[in-house]
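Chain by chain, the residues run as shown.
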Amino acid sequence: MAPVQPPLRAVPRNPVPGPHNVQADAEPARLHCLLDEPGMQFTTSGRAAILLGLEALGLAPTDRVLVPSYHCPTMVSPALALGLPVGFYPIDASGRPSLEWLEQHAPADTRVLCAAHYFGLPLDLRPVKAWCEARGVLMLEDCAHAMFGQGPGGPVGALGDVVIASLPKFFAVQEGGLLRLRAPQHSAPPLRPAGAVAELKAWFDTLEISASHGRLGGWGLWARPLLAAKRAVRRAPAPAAAAAAAPEAFDPSGNYARIDMALSHRAPCRITLDTATRSARGRVTAQRRRHYQAMVAAVNGRRGVHPLFPELPAQAAPYVMPLWVDQPDPAYRSLRERGVPVSRWDWLWPGVPDMAGDQGKTWSHHVLQVHCHQDMTDEDRDWVIGSVLALCER
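Please read all numbers here as calculations on a predicted model, not as lab measurements. Going along each chain's sequence as written, the residues are numbered from 1 onward. Two thresholds apply to this predicted model, a pLDDT of at least 70 for residue-level local features and 80 or more for giving and counting side-chain atom pairs, whereas whole-chain, interface and lining totals are computed over all residues. Neither water nor hydrogens contribute to the side-chain values; these are computed over all heavy atoms in the structure.

**Examining the pairing of strand β3 (residues 86-89)**
Just so we agree on the cut-off: Working definition: with a 1.4 Å probe on protein chains only, accessible area under 20% of the residue-type maximum means buried, over 50% means exposed, and in between means partly exposed. Helix and strand assignments come from DSSP, with helices taken as H or I runs of at least 4 residues and strands as E runs of at least 2, each series counted from the N terminus. When DSSP finds two or more bridges between a pair of strands, those strands are recorded as paired.
Neither face of β3 is exposed, since V86 and F88 on one face and G87 and Y89 on the opposite face are all buried. As defined by bridge partners, strand β2 (residues 64-68) adjoins β3 across four bridges and the pair is classed as parallel. For V67, the partnering residue across the bridge sits in β3 and is F88.

**Brief notes about the pattern of salt bridges**
For clarity, the cut-off: Each reported salt bridge corresponds to a side-chain nitrogen of Lys or Arg within 4 Å of a carboxyl oxygen of Asp or Glu.
Under the counting rule described, the total for this entry stands at 19 salt bridges. Close ionic contact of R266 with E175 constitutes a salt bridge, the shortest N to O distance being 2.7 Å. Separated by 91 residues along the polypeptide, R266 in the loop between α7 (261-264) and α8 (270-278) and E175 in the loop between β8 (162-166) and β9 (177-181) bring together distant segments of the chain. Neither residue differs from the other here; R266 and E175 are each classed as buried. Between R381 and D378 there is a salt bridge, with its nearest N and O atoms 3.3 Å apart. A residue pair is termed a helical-turn pair when its members lie 3 or 4 positions apart in one helix, as R381 and D378 do in helix α12 (residues 378-392) at three residues. For R381, a relative accessible area of 9% translates into the label buried. Taking the relative accessible area as the measure of exposure, D378 reaches 28% and is therefore partly exposed. Three or more residues are tied together by salt bridges with common partners; here these are R290, D378, R381 and D382.

**Focus on the nonpolar core**
Formally: The term nonpolar core refers to a set of buried residues drawn from Ala, Val, Leu, Ile, Met, Phe, Trp, Tyr and Cys, joined through side-chain atoms within 4.5 Å. Contact between two residues is taken to exist if any of their heavy atoms lie within 4.5 Å; hydrogens are not considered.
Core analysis: the largest hydrophobic core is formed by 107 residues, its most contacted members being L54, L113, F119, M147 and W363. No other element matches α12, which puts seven residues into this core. In contact with L54, not counting residues within four places along its chain, are L59, V65, P78, A79, L82, L84, V112 and L140. One finds F204, L216, W219 and L227 within the second-largest nonpolar core, a separate group that totals six residues.

**Some remarks on the packing of helix α10 (residues 329-337) against α12**
Threshold: Axes here refer to lines fitted to C-alpha atoms; in helices the fit is confined to the stretch in contact. Angles between the N-to-C directions go from 0 to 180 degrees. In this scheme, a crossing is called left-handed if the near helix is turned counterclockwise away from the far one by less than a right angle; it is called right-handed if the turn is clockwise. Gly is put with the polar residues, along with every residue not named as nonpolar or charged; the nonpolar set is Ala, Val, Leu, Ile, Met, Phe, Trp, Tyr, Cys and Pro, and the charged set is Asp, Glu, Lys and Arg.
Where α10 meets α12, the axes come as close as 9 Å, and the angle between the chain directions of the two elements is 145 degrees. Handedness of the α10/α12 crossing: right-handed. Contacts between α10 and α12 involve A331, S334 and L335 from the first element and S387, V388, L391 and C392 from the second. Looking at the contact of α10 with α12, its residues break down into five nonpolar, two polar and no charged.

**Some words on helix α4 (residues 126-135)**
The line we're drawing: Arc, as used here, means the arc of the directions from the helix axis to the C-beta atoms.
Listed as buried for α4 are V128, K129, W131 and C132. An end-on view of α4 places all buried positions within 160 degrees of arc, on one side of the element. Looking at α4, the residues exposed on the side facing more than 90 degrees away from the buried face are E133 and A134. Next to the buried residues of α4 lie α3 (99-105), β4 (110-116) and β5 (138-142). Once α4 finishes, G136 follows within two positions and takes phi at roughly 70 degrees, a positive value.

**Let's talk about the side chain of S98**
Residue placement: S98 occurs in the loop between β3 and α3. Dropping the residues within four chain positions of it, S98 is found in contact with P90 and I91.

**What to know about the sheet that holds strand β10 (residues 305-307)**
In space, the four strands of this open sheet follow the order β10-β11-β13-β12, with antiparallel pairing throughout. Unpaired on one side and paired on the other, β10 and β12 (342-343) mark the two borders of the sheet. Strand direction decides the pairing type here: β10 and strand β11 (residues 320-325), joined by three bridges, are antiparallel. The residue of β11 that forms the bridge with P307 is L323. Those strands touched by helix α9 (residues 281-299) are β10, β11 and β13 (367-371), and its axis lies near 15 degrees from that of β11.

**Overview of the packing of α9 against α12**
Close contact between α9 and α12 brings their axes to 10 Å; oriented N to C, the two are set at 35 degrees. α9 and α12 meet at a crossing whose hand is right-handed. Where α9 approaches α12, its residues R290, H291, A294, M295, A298 and V299 are matched on the opposing element by D378, R381, V384, I385 and L389. Partitioned by chemical class, the residues of the contact of α9 with α12 number seven nonpolar, one polar and three charged.

**Section: the pairing of β8**
The element β8 is largely enclosed, with a buried count of five among its five residues. As defined by bridge partners, β5 adjoins β8 across three bridges and the pair is classed as parallel. Bridge assignment links D142 to a residue of β8, and that residue is I164.

Following this line, the structure appears as structure tokens:
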């Protein structure tokens, strides 16, 4: 008999703003962090960082960008927004590009290859970098899932000609990305300031999200009167933590895939920079590792599910815990409707081919990304994994 579905619980889907996230670190920060890398430029998102990075390379209209078969549409849309041709390559069971396929099938017009560290687990990309260098291909190292850590190939972000990352996946911010261009002849354009209206909105959005999850803490003395005044002016009710919307069919012309060019060329707000740079990194990495390992222990040996990567590398801070589910379709929709913080990359860009040995399309169907961020309590974590098992274990 499958486990009983636990009662509904409001679990934050992402890190929650509040003084707890910028207070003195109780845990020492032991892992390499991309924020410490020289030459990093802040952007409004990881998607904007990809766009700006490709722009800076000065590519010709015929230069192709190769993207892994397992991808978020935001990895594809920047290249298409710039009018560049896009192709797809298969990944192996570790998530690394299939070098065998690239040797035999990579299009001759390939100029950029995007390689991603999935789930926050650093890959050894040295063989991929060597393949790129031998063919004059530039490597875009996608660290959107890997703000921290290092693997056998060195620290994340050490090899890419273009390196990008995403701040909201690890810190309590609502926007933000990172971009680094390795070659001195490539430089991203200067970004226009956010402006006073955007800065003020970002502050209020941060306070409202914190208040909706009861995390204002010491901020409450001055934040609650401000929020009350704002609601009085707008005659709006107090915010509530929102449940995640049910997944919809992917539309490549929709907002999820469309690029806001003006926003992509704007600098992030000051509160984004302040929160990200002041965040207690030891807490971020330690809590994520602890939740990941507890989730793995909870699902090991269960029917119909297993952790995709049960061993957490010593120098990794996970973004999510990837969970293989034998029969994921009805369970995933139910989980999202209940507000359980899980994701699935089933919105592959139209036209991804079937390729021998590819794990990407298989992962897009069977792998759920179970969130394990630092602002989940132990009770939150246990509710999340209990909800997943109740619906997925068969």
